[in-house]
Amino acid sequence: MKSEILAIACVALSLRSIVSMYSFSGFDSPPMYGDYEAQRHWQEVTINLEAIRWYTNSSNNDLLYWGLDYPPLTAHHSYLMGRIAKSIDPRFVELHGSRGFQSRSHKTFMRLTVLLGDVLIYLPAILGVCICIDKSFQSKSKLFSFMLLAAYPGQMLIDNGHFQYNNVSLGLAAAAIAAILHGKQYIAAFAFTLALNYKQMELYHSLPFFTYLLAECIAQNSFRLFAVKLAKIATIVLATFFLLWYPWSGSLQAVAEVLNRLFPLGRTVFEDKVSNFWCSLNIIWKLKKHVLNHHMALVCLGFTLISSLPTNITLFRKRCKMGFLLSLFNTAIAFFLFSFQVHEKTILLAALPALCLLTWWPNEIILFLDVSVFTMLPLLERDGLLAPSLACVLIYHLICKCFCSETKPSSELKAFLYISKIFMIVVVGASLLIKAPPRYPDLWPLITSVIGCAYLVLFLVWGNFRHLTCTCRTVKIKSM
């Protein structure tokens, strides 16, 4: 078994390494470049300035040029990577002088830092999820699950292609999921707090974690046990926050500056075309003309909470591990569809719990994973990553075909899956072959956004239905 797991990990790393050879976000695109430069610039800032200055605008830290806008754990990670970068070549992180630095050696270094995150955090965490699913649900399909989680195209295309470190936050979230499935609530609280302090988008997963852990506390036999368990979880969360935020803890103004960077309500509801409800609605009813920005933020908050409530109420009333996974899936989709300032990459937060559910509903979840990559295609095309995107999706389907050959959908579902896949292939092909008219230069990204939004709404309904009808008993899974 160990040799098979090692072989799968090597295949996953090989695919990521091949994707890493392609272009990245902002390549040769001055003056702002892209996410690659943002991550490099954060390394520059963190090793050249005191921690309390990392989120403050100054002559040495122009926040309009990729100012830090992720929580402190990202900043600490950037500092660590920056120290290593400086030891290799000081030009990588020279203050002011390194903007837009794009040498071959620097690209190799940056790509290796992402692979390091895969090796140390993401792949071990998803392997832990697979093992815990195996133990919790009496499954014999660890290898099946690990292969499909490790080879998911979306995560590798964004992290190893576009360039980000989602593997760190997703890996920490996966570790928290594994801890929940294994009944280790304190470890889950610690791991998820780390994930939330790496990327604030982990708020997409926060409601199910809060609901499940609170329900676990309430389920104790006495008030004393309830109070003790709740106090321990609260202590773990607060202590972790305090340690990570310690450099800013001495000044309320410094804390406020960090929070202002993390939640930039001055921005509009969306920037790039994204497959959520507000971007689709904006096509026929211009939101900026009719709704003030701060009012729009409140509207987004209301819609997000309302759409997330059913699955979390069900989880609270009927606490179980299967329900927890479904609640993560449903809540993440609700946040993606209705929250403020959504980016294309945040669909990965819905993909993680979807991958955990793949064993039970392979046909539906594989379609969802296809849709998740489909919604990111305009971004990947801009980055020059269309060829590896199509190759990774094709490889993933071949892997799924090998592992899921025994799973036969109903005739209705089979027809829907077939039509959906053909439809997405036609849209992708048309977007490549037919140039958008000059009057509507964003025609194809908008079409992709609307189609993606429609599918995500369907999956939100499907996921809530599955959760509502979930029997919450131990499920025996046939070996594949």
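Position numbers for residues start from 1 in each chain and track the written sequence from start to end. Local features in this predicted model are restricted to residues of pLDDT 70 or higher, and side-chain atom pairs are both shown and tallied only at a pLDDT of 80 or more, whereas totals for entire chains, interfaces and linings draw on every residue. Each side-chain value is derived from all of the structure's non-hydrogen atoms; neither hydrogens nor water enter the calculation.

We now examine the overall build of the protein. Looking only at helices and strands, one finds 20 helices and zero strands in the protein. Atoms considered for the radius of gyration are the C-alpha atoms alone. The globule rule reads 2.2 Å times the number of residues to the power 0.38. Its C-alpha atoms give the protein a radius of gyration of 22 Å, within 12% of the compact-globule value 23 Å for 480 residues. For the C-alpha atoms alone, the extent of the protein along its principal axes is close to 65 × 60 × 55 Å. Three labels apply to residues, based on accessible area from a 1.4 Å probe with only protein chains included: buried if under 20% of the type maximum, exposed if over 50%, partly exposed otherwise in between. Looking at the protein as a whole, 55% of its 480 residues are labelled buried. Surface accessibility in these figures is a Shrake-Rupley result with a 1.4 Å probe; residues are shielded only by whichever protein chains are displayed. Accessible area for the protein stands at about 21400 Å²; split by element, carbon and sulfur atoms hold 67% of it. Averaging the positions of the 41 positive and the 26 negative side-chain charges in the protein gives two centres separated by 9 Å. Secondary structure elements are taken from DSSP: a helix is a run of H or I of four residues or more, a strand is a run of E of two residues or more, and numbering for both begins at the N terminus. Neither His nor the chain termini are counted; the positive set is Lys and Arg, and the negative set is Asp and Glu. Where a charge sits is defined by one atom per residue type, namely NZ (Lys), CZ (Arg), CG (Asp) or CD (Glu).

In the predicted model, the protein carries a mean pLDDT of 92, and the fraction of residues at 70 or more is 96%. The quantity called pLDDT is the predictor's confidence in a given residue, expressed from 0 to 100. Across the protein, the element-wise mean pLDDT spans from 86 in helix α13 (residues 287–290) up to 98 in helix α8 (residues 185–198). Predicted confidence for residues 474–480 stays below pLDDT 50, and this span has 23 contacts to residues more than four positions away or in other chains. Pairs of residues are marked as contacts when any of their non-hydrogen atoms sit within 4.5 Å.

Looking now at the packing of helix α16 (residues 348–356) against helix α17 (residues 362–382). Angular values range over 0 to 180 degrees, each being the angle between N-to-C directions of two axes fitted as lines to C-alpha atoms, with helices fitted over their stretch in contact. Between α16 and α17, the shortest axis-to-axis distance is 10 Å and the interhelical angle comes to 165°. If you check the angle between α16 and α17, you find them roughly antiparallel. Crossing geometry of α16 relative to α17 is assigned as left-handed. Across the interface between the two elements, Leu348, Ala350, Ala351, Ala354 and Leu355 from α16 touch Ile365, Phe368, Leu369 and Met376 from α17. Of the residues belonging to the contact of α16 with α17, the class tally is nine nonpolar, no polar and no charged. Every angle not falling under 35 degrees, over 145, or within 65 to 115 is termed oblique; those three ranges are roughly parallel, roughly antiparallel and roughly perpendicular. Crossings are classed by handedness, with left-handed meaning an anticlockwise turn of the near helix from the far one by less than a right angle and right-handed meaning a clockwise turn. Charged means Asp, Glu, Lys or Arg here, nonpolar means Ala, Val, Leu, Ile, Met, Phe, Trp, Tyr, Cys or Pro, and polar covers whatever is left, Gly included.

We call a set of buried Ala, Val, Leu, Ile, Met, Phe, Trp, Tyr and Cys residues a nonpolar core when their side-chain atoms join them within 4.5 Å. One finds Ile177, Phe368 and Leu369 to be the most contacted residues of the largest nonpolar core, which totals 150 residues. Dropping the residues within four chain positions of it, Phe368 is found in contact with Phe329, Ile333, Ile347, Ala350, Ala351, Ala354, Leu456 and Phe459.

Nonpolar side chains (Val, Leu, Ile, Met, Phe, Trp, Tyr) are joined into patches within 5 Å and like charges within 9 Å, using only residues with over 30% relative accessible area and no salt bridge. Definition used for salt bridges: Asp or Glu carboxyl oxygen within 4 Å of a side-chain nitrogen of Lys or Arg. Nonpolar side chains collect at one region of the surface, where Tyr418, Ile419, Ile422, Ile425 and Val426 lie side by side and expose about 540 Å² of accessible area between them. Mapped onto the secondary structure, Tyr418 falls in helix α19 (residues 411–433). Judged by its relative accessible area of 58%, Tyr418 falls in the exposed class.

By the secondary structure assignment, Tyr212 is in helix α9 (residues 206–218). Taking the relative accessible area as the measure of exposure, Tyr212 reaches 4% and is therefore buried. With 105 residues separating them along the chain, Tyr212 and Arg317 place their C-alpha atoms 9.8 Å apart.

Each pair of aromatic rings taken from Phe, Tyr and Trp, with Trp reduced to its six-membered ring, is defined by centres within 6.5 Å and is described as stacked if the planes are under 30 degrees apart, edge-to-face if over 60, and tilted in the remaining cases. The final tally for this structure, using the stated rule, is 29 aromatic pairs. Taking 4.4 Å as the distance between ring centres and 20° as the angle between the ring planes, the aromatic pair formed by Phe192 and Phe209 counts as stacked. Of this pair, Phe192 sits in helix α8 while Phe209 sits in helix α9, placing them 17 residues apart in sequence. Residue Phe209 is classed as buried on the basis of its relative accessible area, which comes to 2%. Each member of the aromatic cluster is reached from another via a ring pair, and the members are Phe24, Phe27, Tyr36, Phe163 and Tyr165. The ring of Tyr65 carries the charged tip of Arg99 above its face, separated from the ring centre by 3.9 Å. Here, over-ring charges are defined by two tests on the NZ atom of lysine or the CZ atom of arginine: distance to the ring centre within 6 Å, and angle to the ring normal within 35 degrees.

With respect to the helices and strands, Ala173 occurs in helix α7 (residues 166–181). For the pair formed by Ala173 and His205, sequence separation is 32 residues and the distance between their alpha carbons is 8.3 Å. If we ignore the near neighbours within four places in the chain, the residues touching Ala173 are Ala195, Glu202, His205, Phe209 and Leu352.

Attention shifts here to the state of the cysteines. Put simply, a disulfide is two cysteine sulfurs that come within 2.5 Å. One pass over the full model with this rule turns up zero disulfides. The cysteine Cys300 is free of any disulfide, with Cys279 supplying the nearest cysteine sulfur at 12 Å. Residue Cys300 is classed as buried on the basis of its relative accessible area of 1%.

Tallying each qualifying case throughout the model produces eleven salt bridges. Of the charged contacts in the structure, one is a salt bridge between Lys345 and Asp35, with a shortest N-O distance of 3.3 Å. With Lys345 in the loop between α15 (321–338) and α16 and Asp35 in helix α2 (residues 35–48), this residue pair connects regions lying 310 residues apart in the sequence. Asp35 matches Lys345 in its accessibility class, with the two residues each being buried. Between Glu37 and Arg40 there is a salt bridge, with its nearest N and O atoms 2.8 Å apart. Highlighted residues: Glu37 and Arg40, both in helix α2, separated by three residues, approximately one helical turn. Here Glu37 falls in the buried class, since its relative accessible area comes to 2%. Here the residues in one salt-bridge network are Glu37, Arg40 and Glu44, joined through shared partners.

Attention now goes to the side chain of Thr113. Note that Thr113 resides in helix α4 (residues 104–136). Think of a polar contact as two N or O atoms within 3.5 Å of one another; within protein, one of them needs to be a possible hydrogen donor and the other a possible acceptor, and neighboring residues in sequence only count if both atoms come from side chains. Among the polar contacts listed, one links the side chain of Thr113 to the backbone oxygen of Met110, at a separation of 2.5 Å. Residues within four places of Thr113 in sequence aside, it is in contact with Met81, Phe163 and Tyr165.

Right, let's talk about the side chain of Gln185 for a bit. Mapped onto the elements, Gln185 comes out in helix α8. Among the polar contacts made by the side chain of Gln185, one reaches the side chain of Lys229 at a distance of 3.3 Å.

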